[in-house]
Amino acid sequence: MSRLYTRLDVLRETTQRSLDQVLGQGGSGGTHQNRSERDSMAGMYAARLSRLWSVENGLCFGRLDHTDQTSLYIGRIGLSEEERRLLIDWRAPVAQPFYRATPASPMGLTRRRHLQTRDRRVVAVNDDLFDLEGLTDADRATLNGEAALLAALAEKRTGRMRDIVATIQSEQDRIIRADLPGVLVVQGGPGTGKTVVALHRAAYLLYTHRERLDRRGVLIIGPNLTFLRYIEQVLPSLGETDVLLMTIGEMFPGLTATTRDRPETAQVKGDARMAQVIARAVRDRQRVPKRSVELDLGKYKLFLDWRVCDAARTKAVRSGRLHNQARAVFVRHILNKLARQAAKHMGRNLIDEDELADLREELRTEPAVKTALNRLWPYLTPHQLLLGLFTSRERLAYAAEAFTREERALMLREPPVRGRSWYTESDVPLLDEAAELLGEIDQSVLVATALQNEEELAAAREAEEHERRYELTYAREVLELTGLSDMIDAERLAERHRGDVSHLTTAERAATDRTWAFGHVIVDEAQELSPMAWRMVMRRCPARSMTVVGDIAQTGSSAGGRSWGAVLDPYTGGRWREERLTVNYRTPAEIMALAADVLASIDASLDPPDSVREGAAPPWSQQVGTLAGGLAKVVAAELDGSGGTMAVLVPESAVDELGAAVAAAVPGAVAGPSATALEAPAVVLTVADAKGLEFDAVIVAEPERILTESPRGANDLYVALTRATRGLGVVHTTSLPPVLSRLTARPPLP
Ligand SMILES: Nc1ncnc2c1ncn2[C@@H]1O[C@H](COP(=O)(O)OP(=O)(O)OP(=O)(O)O)[C@@H](O)[C@H]1O
């Protein structure tokens, strides 16, 4: 072990020296090319350095002893010295037996050794022995198959997900090392390691297909920002920092939409028919006036015949261009007609092409003409289109004719109020859809076309401001994640995001480019995505190299999927493959038995995963007089100060009230998914915000309300019950739902 760490220290020193040398070669001096080369060298050394620092804990965690008497050490990265391999990267093919060998199929091993280290010292050794014949009695005594796994699972949760390189199980390893191309679905019940496996798969794919994925990047989509915070340390701890983590609400550059619509609204907005709605909303902005329009130019008047507009529109639509590009066709046709009219006013019946072009340019700048053209075929940003649609009953009536009046009413909204975010998570795929149909607008054109509707302009400006703030936050996060904050400041990096992108890593560039095509996309909690969200995600991965991770039984969103086939067939022609995970590493058997009752109430044919652990205290229930006061008391009493994590999962409609009550009564408790939520001793969350997370203890409040509050209430309750790693309690005021009859009742609190 000491030899490995000595080698690591040497590599850190030499890399640091190289970095210092490059950074010392003058700040902004030299040619552009010199600066650019220097920047990219510095970026490379800095990335290598952060990789070398990230593997300090558990650098080496295994040893393979082969039948031919050779041994290999397995670790987080590969290390060698003078051509000799000291440590094998866990992702290398020769490391595979560490995860796959079994007594029935030992893969050339006599022994697999798990090493637990602390502060560079080995503190525990667990062996799996495959050559039972050749064992001494002492060796036989140490036979301890699951010890390493069980030790890892028994550890207290820190609020952050840890990597599992040392204890990946065989069924998980098959998924991690599955081929890159095609769509792989990983279906598995709660706690089966879907998320952690997906993250290790990302690390494996980057290692195995480095060249391809370095260029195109890997995107991981998670259900909410808290979840991304929960998992963000896993890949850096595996030495991979250039992976982009995003929620659906962040996938339209410049926006971070975190508010969720009510379930009925989210369902309507996520409906596949919304693609038609957006297309019709665009068409609705390509107008033909009912009768001819009079254009007063001062010196004379021109008449814009509705038939001319109609012909112009047909021509523009037939051009096959996107809305903002097709505008040029529309405008040119109309200006040609107006120019001929204008020529007549000047007493000229015949004009040549050059004169026509001159007149067209003159007319183009006439305010009356500009106003008319902008009304008939305005340049539109996706923001303007959506705002115009959702704030107008008439526009909605036209565009969303396929929906009922009630469904349209769910989409109708007040215009934005300054300082308050207007977009919801389900608007983001709609913005993306709109962007696909509208096409880009040249920045200079946008500035020149100052005749847009006031509100729309304000919204566009707001979006711009959002973008600036977003870039800054993102840049800070990137720097924090890569540990480079001492070397580059966030403002500069944010500037680079928007301007010169040549020095940025792939993930940084991809984050700001809506049209970026990723080399591989991993979608976690994929059952929650609406059909419209899938359209957006699929656009980001035209190669269809994807890992889709989820559990249909945990679908909470009304817009979410009901089967993988229904979700994926339209994009893959049925060509996707499925792997299943069947063992629950999180929830002890006693808690899982209760969750299994809820699962059976959703669909009796669904099997819960088998728990690998048992021995937890039986889950309990406690009736209280008033919910807020009673809950706060129970939470305070349950916190044992031992440093574990606790979540209080509450109905969506009561989250503000209960969050405030618990935060006021329990020192250190936090209400809602804030930046500090994961580190707090107790956090109050809705089930949607707890998706994908886990806690040592979980208290579920008023399960009856969780069940009835949403169309998929039983799925929500199932998710809530399966977040616990050690203890589970239920606090309620009204009678308990019959499906929870297995709970052990504690004496009620007055
Ligand atoms: N092989 C393993 N070794 C150690 N810990 C593991 C292993 N597999 C899974 N775990 C742990 O089990 C817990 C559950 O894993 P994870 O969150 O990935 O499950 P999931 O299937 O995504 O769950 P859910 O669907 O409920 O969100 C995590 O703490 C994870 O680290």
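None of the values given here were measured: they were computed from a predicted structure.

Trainee: Looking at this model, I keep getting lost on the overall build of the protein. Mind explaining?
Mentor: The helix and strand tally for the protein stands at 32 helices and 23 strands. Counting all 750 residues of the protein, 52% fall into the buried class. Counted over contacts in the protein with a minimum sequence separation of 6, partners at least 24 positions apart contribute 72%. Total accessible area on the protein is roughly 33600 Å²; 50% of this is exposed by carbon and sulfur atoms.

Trainee: Is there a simple way to explain helix H27 (residues 589–602) in this structure?
Mentor: Given 3.6 residues per helical turn, the α-helix brings residues three or four places apart onto the same face. Here H27 is 14 residues long and its end C-alpha atoms lie 20 Å apart, about the 20 Å a rise of 1.5 Å per residue gives. Of all the positions in H27, only Ile591, Met592, Leu594, Ala595, Val598 and Leu599 are classed as buried. Considering only its buried residues, H27 is in contact with strand S15 (583–584), strand S16 (610–611), helix H32 (713–721) and strand S22 (724–732).

Trainee: Any chance you could explain the pairing of strand S5 (residues 109–118) here in plain terms?
Mentor: Consecutive side chains of a regular strand alternate in pointing toward one face of the sheet and then the other. Of all 10 residues that make up S5, seven are buried, and the element is covered over most of its length. Relative to S5, strand S1 (residues 60–66) is paired through five bridges, and the arrangement is antiparallel. When the sheet's bridge partners are listed, His66 is paired in S5 with Leu109. Where S5 and strand S6 (residues 121–129) come together, eight bridges link them in antiparallel fashion. Following the sheet pairing, Arg112 is matched in S6 by Asp128. Connecting S5 to the antiparallel partner S6 that follows it, the hairpin turn spans two residues, and Asp119 within it adopts a positive phi of roughly 45 degrees.

Trainee: Can you walk me through helix H13 (residues 306–318) in this structure?
Mentor: Under the 1.5 Å per step criterion, the end-to-end length of H13 is 18 Å for 13 residues, consistent within 8% with the ideal 18 Å. Looking only at H13, the buried set comprises Val308, Cys309, Ala312 and Ala316. For H13, the angular spread of the buried residues around the axis is 95 degrees, confining them to a single face. Those residues of H13 that are buried are in contact with strand S11 (301–304), helix H14 (323–345) and helix H16 (367–376). Regarding H13, its N-cap is Asp305, as a side-chain oxygen of that residue lies 2.8 Å from the backbone nitrogen of Arg307 further along. Directly after H13, the chain includes Gly320, whose backbone phi takes a positive value near 75 degrees.

Trainee: Explain a negative patch on the surface here, please?
Mentor: On the surface, a cluster of negative charge is contributed by Asp352, Glu353, Asp354, Asp358 and Glu362. Note that Glu353 resides in helix H15 (residues 353–364). Accessibility expressed as a relative area gives 53% for Glu353, which makes it exposed.

Trainee: Whenever I open this one, the sheet that holds S22 confuses me. Can you help?
Mentor: Hydrogen bonding along the main chain pairs the strands of a sheet, whether they run parallel or antiparallel. Reading across from one edge, S19-S20-S18-S21-S22-S17-S23 is the order of the seven strands in this open sheet, with parallel pairing throughout. Either end of the sheet is taken by a strand with one partner, and the two such strands are strand S19 (670–671) and strand S23 (744–745). As paired elements, strand S17 (residues 620–623) and S22 share four bridges and run parallel to each other. Residue pairing in the sheet places Ser621 in a bridge with Val730 of S22.

Trainee: Can you walk me through a positive patch on the surface in this structure?
Mentor: Residues Lys315, Arg332, Lys337 and Arg340 make up a contiguous surface patch of positive charge. Top element by residues in the positive patch is H14. It accounts for three residues. Residue position: Arg332 is located in helix H14. Looking at Arg332, the relative accessible area reads 43%, which means it is partly exposed.

Trainee: So what exactly am I meant to see when it comes to the UniProt feature "binding site: ATP" (unreviewed entry) in the protein here?
Mentor: Per the UniProt record, "binding site: ATP" (unreviewed entry) is found at Gly188, Gly189, Pro190, Gly191, Thr192, Gly193, Lys194 and Thr195. Assignment of secondary structure puts Gly193 in the loop between strand S7 (183–188) and helix H7 (194–208). For Gly193, the residues in contact, after removing those within four places along its chain, are Gln172, Leu581 and Tyr585. Among the secondary structure elements, Thr195 is positioned in helix H7. Setting aside anything within four residues of it in sequence, one finds Thr195 in contact with Met161, Phe227, Ile231, Asp524 and Val549.

Trainee: Quick question: what am I supposed to make of the site of the ligand here?
Mentor: As a matter of local geometry, the ligand sits amid 24 residues, with Thr167, Lys194, Arg586, Glu694 and Arg723 nearest to it. In the environment of the ligand, an oxygen atom lies 2.8 Å from a nitrogen or oxygen atom belonging to the side chain of Thr195. Glu525 places a side-chain nitrogen or oxygen 3.3 Å from an oxygen atom of the ligand. For the ligand, whose free accessible area comes to 630 Å², the fraction covered by protein is 96%. If you list the elements that add at least two residues to the shell around the ligand, you get helix H5 (147–154) and H7. Take the shell around the ligand: its biggest share by element is three residues, from H7. A class-by-class count of the residues in the shell around the ligand yields eight nonpolar, 10 polar and six charged.

How each quantity is defined
Residues numbered from 1 in each chain as written. Predicted model: local features only at pLDDT ≥ 70, side-chain atom pairs only at ≥ 80, totals over all residues. Heavy atoms only, no water. Helix = DSSP H or I, 4+ residues; strand = E, 2+ residues; numbered from the N terminus. Buried < 20%, exposed > 50% of the residue type's maximum accessible area, 1.4 Å probe, protein only. Contact = heavy atoms within 4.5 Å. Areas by Shrake-Rupley, 256 points an atom, 1.4 Å probe, with all protein chains shown as cover. Expected span 1.5 Å × (residues − 1). Pairing = 2+ DSSP bridges. Arc of directions from axis to C-beta. Polar contact = N/O pair within 3.5 Å; in protein donor to acceptor, adjacent residues only side chain to side chain. Patch = residues over 30% accessible without salt bridge, like charges linked within 9 Å, V, L, I, M, F, W, Y side chains within 5 Å. Salt bridge = Lys/Arg side-chain N within 4 Å of Asp/Glu carboxyl O. Lys, Arg positive; Asp, Glu negative; His and termini not counted. Charge placed at Lys NZ, Arg CZ, Asp CG, Glu CD. UniProt positions renumbered as here; feature names shortened; annotations may be inferred. Near = heavy atom within 4 Å. Nonpolar A, V, L, I, M, F, W, Y, C, P; charged D, E, K, R; others polar.

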